[in-house]
Amino acid sequence: MVTHSRFDSAMSSSPFEGGVRLPPHRYKTFSSRAQYQMVIAAVRKLQESGFYWSTVSGKEASSLLSAEPPGTFLVRDSSDHHHFFTLSVKTSTGTKNLRIQCDSVSFFLQTDPRSEQAVPRFDCVLKLIHHYMPSDGTGTSSKVQAVGEGESGADGSAYYIYSGGEKIPLELLRPLASSMSSLQHLCRKTLNGHIDVSTKRDQLPHPLQEFLQEYDAPI
């Protein structure tokens, strides 16, 4: 469970907004109400994603990914009480675990002192993941804009993992499913992957607009 010192009585003993409850096995502290709302929204979408493995440990994540091809990944809760989520990804040299850091307005991958490039920031974990995935090659998906990034900003998709003296490029190719997705959810992801949906969203029936808005990622 995640708590904030000024909101303990409201958060620690009652369900979170919309029935979302954070895992009780860890206690973390929110820096602000804005961060609390952002993390709750992230958990809600991750639970819909089908590749959120919640409380699995780093060792368990490595075991789950051991037989998978490089580029396979999953998102889980961080075992470090300073952070909320971890991205575990299979690379050519084994599984690597990257902390997903956050402030009051954005999520971003952990930075390494050996890297000179600033990492892009996003208001959603799913947007962060999608940013580091390749385009499907059909022209039907686009990279989301990072928080504070102008139209002419650098792509920022190149990210390297520094581990054991190696510099390994981050490749996110395929999420490892934690649950079976419904047909409705699969259709929603497909619609979200098409550029023209965003420009025609207001022409859709209101219930469908709400359904798409609840999960606005193509992954």
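Rules behind the numbers
- Residues numbered from 1 in each chain as written.
- Predicted model: local features only at pLDDT ≥ 70, side-chain atom pairs only at ≥ 80, totals over all residues.
- Heavy atoms only, no water.
- Buried < 20%, exposed > 50% of the residue type's maximum accessible area, 1.4 Å probe, protein only.
- Helix = DSSP H or I, 4+ residues; strand = E, 2+ residues; numbered from the N terminus.
- Arc of directions from axis to C-beta.
- Contact = heavy atoms within 4.5 Å.
- Pairing = 2+ DSSP bridges.
- Axes fitted to C-alpha atoms, helices over the stretch in contact; angles between N-to-C directions.
- Core = buried A, V, L, I, M, F, W, Y, C linked by side-chain atoms within 4.5 Å.

**Focus: helix H3 (residues 58–65)**
Those residues of H3 lying buried are Gly58, Ala61 and Leu65. Along the long axis of H3, the arc covered by the buried residues comes to 55°, so they all point the same way. In H3, those exposed residues whose orientation departs by more than 90 degrees from the buried face are Lys59 and Ser63. Where H3 is buried, its residues touch strand E3 (72–77), strand E4 (85–91) and strand E5 (94–102).

**Side note on the sheet that holds E4**
Consider a sheet: its strands pair through backbone hydrogen bonds, and that pairing is either parallel or antiparallel. Ordered by their spatial adjacency, 5 strands build an open sheet running E6-E5-E4-E3-E9, and the pairing between neighbours is mixed. In this open sheet, the two strands that pair with only one neighbour each are strand E6 (107–109) and strand E9 (174–175). Note that E3 and E4 share 5 bridges and pair antiparallel. Considered in E4, the bridge of Leu74 is made with Ser88. Sitting on the sheet, helix H2 (residues 33–49) is in contact with E3, E4, E5 and E6, with an inclination near 45° to E4.

**Brief notes about the nonpolar core**
Counting 39 residues, the largest nonpolar core has Phe85, Leu87, Phe107, Leu109, Ile129, Leu170 and Leu172 as its most contacted members. Mapped by element, the contributors of at least two residues to this core are H2, E3, E4, E5, E6 and helix H4 (125–131). At 7 residues, H2 tops the list of elements feeding residues into this core.

Nothing here speaks to function; it is all geometry.
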